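Secondary and tertiary structure notes
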Amino acid sequence: MKFLRSVTVLTALAFTSVAFAQVAEMAKENHQQADANGDGLLSYDEFVTFIKLNAEDGLGNAARVEARNMFETAFARVDANGDGSISTAEIQAMR
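What you are looking at is a predicted structure, and each value in this text was computed from that prediction instead of being measured.

Quick word on the overall build of the protein
- A count of helical and extended segments in the protein gives five helices and zero strands.
- The order of α-helices and β-strands along the protein, N terminus first, is α-α-α-α-α.
- With 95 residues in all, the protein has 28% of them scored as buried.
- Residue pairs at least 24 apart in sequence account for 43% of intrachain contacts in the protein once pairs closer than 6 positions are excluded.
- With the model as given, the accessible surface of the protein reaches about 6600 Å², and the carbon-plus-sulfur share is 57%.

Things to note about the layout of surface pockets
- Considering only enclosed or pocket space, the largest pocket measures out at about 600 Å³ in volume.
- Broken down by secondary-structure element, the contributors of at least two residues to the lining of the largest pocket are helix 1 (2-34), helix 2 (44-56), helix 3 (62-67), helix 4 (71-78) and helix 5 (88-94).
- The class makeup of the residues in the lining of the largest pocket is 14 nonpolar, four polar and four charged.

Structural notes on a negative patch on the surface
- A cluster of like negative charges, contributed by E25, E29, E56, D57 and E66, occupies part of the molecular surface.
- As for its position among the elements, E66 is in helix 3.

Brief notes about the confidence of the model for the protein
- When pLDDT is averaged along the protein, the result is 85; 80% of the residues meet or exceed 70.
- The least confident element of the protein, judged by mean pLDDT, is helix 1 at 67; the most confident is helix 2 at 97.
- Note that residues 9-15 has pLDDT below 50 and, in this model, zero contacts with residues that lie over four places away or in other chains.

Details of helix 4
- Listed as buried for helix 4 are F71, A74, F75 and V78. For helix 4, the buried positions fall inside an angular range of 100° around the axis, keeping them on one side. Exposed and facing more than 90 degrees away from the buried side of helix 4 are E72, A76 and R77.
- Contacts from the buried residues of helix 4 go to helix 2, helix 3 and helix 5.

Analysis parameters
- Residues numbered from 1 in each chain as written.
- Predicted model: local features only at pLDDT ≥ 70, side-chain atom pairs only at ≥ 80, totals over all residues.
- Heavy atoms only, no water.
- Helix = DSSP H or I, 4+ residues; strand = E, 2+ residues; numbered from the N terminus.
- Buried < 20%, exposed > 50% of the residue type's maximum accessible area, 1.4 Å probe, protein only.
- Contact = heavy atoms within 4.5 Å.
- Areas by Shrake-Rupley, 256 points an atom, 1.4 Å probe, with all protein chains shown as cover.
- 1 Å grid on protein atoms, 1.4 Å probe; cavity = no way out; pocket = protein on both sides within 12 Å on 5 of 7 lines; lining within 4 Å.
- Points joined across faces, edges and corners; volume = space filled by probe spheres on them.
- Nonpolar A, V, L, I, M, F, W, Y, C, P; charged D, E, K, R; others polar.
- Patch = residues over 30% accessible without salt bridge, like charges linked within 9 Å, V, L, I, M, F, W, Y side chains within 5 Å.
- Salt bridge = Lys/Arg side-chain N within 4 Å of Asp/Glu carboxyl O.
- Lys, Arg positive; Asp, Glu negative; His and termini not counted.
- Charge placed at Lys NZ, Arg CZ, Asp CG, Glu CD.
- pLDDT = per-residue confidence, 0-100.
- Arc of directions from axis to C-beta.

In structure tokens, the structure reads:
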């Protein structure tokens, strides 16, 4: 019985790891697609595009941000250093 529980837990962890990797890959692709000028940073307009793409893919709280039109609030929360652009590090810190 202990063995079966261990296998179940390991299977669940493996599934979670795979699912997390897939979510991270989709978010990375959405970031690249939203980054219109290719500088690796997201301006406010690029961030809005990023949120909309994530909402379409069902990632994180993006659908809620979009539905409530809270792009400015979300941008301000993610832009930790207040420089008016969002870096990959700031997005990762948000997670």
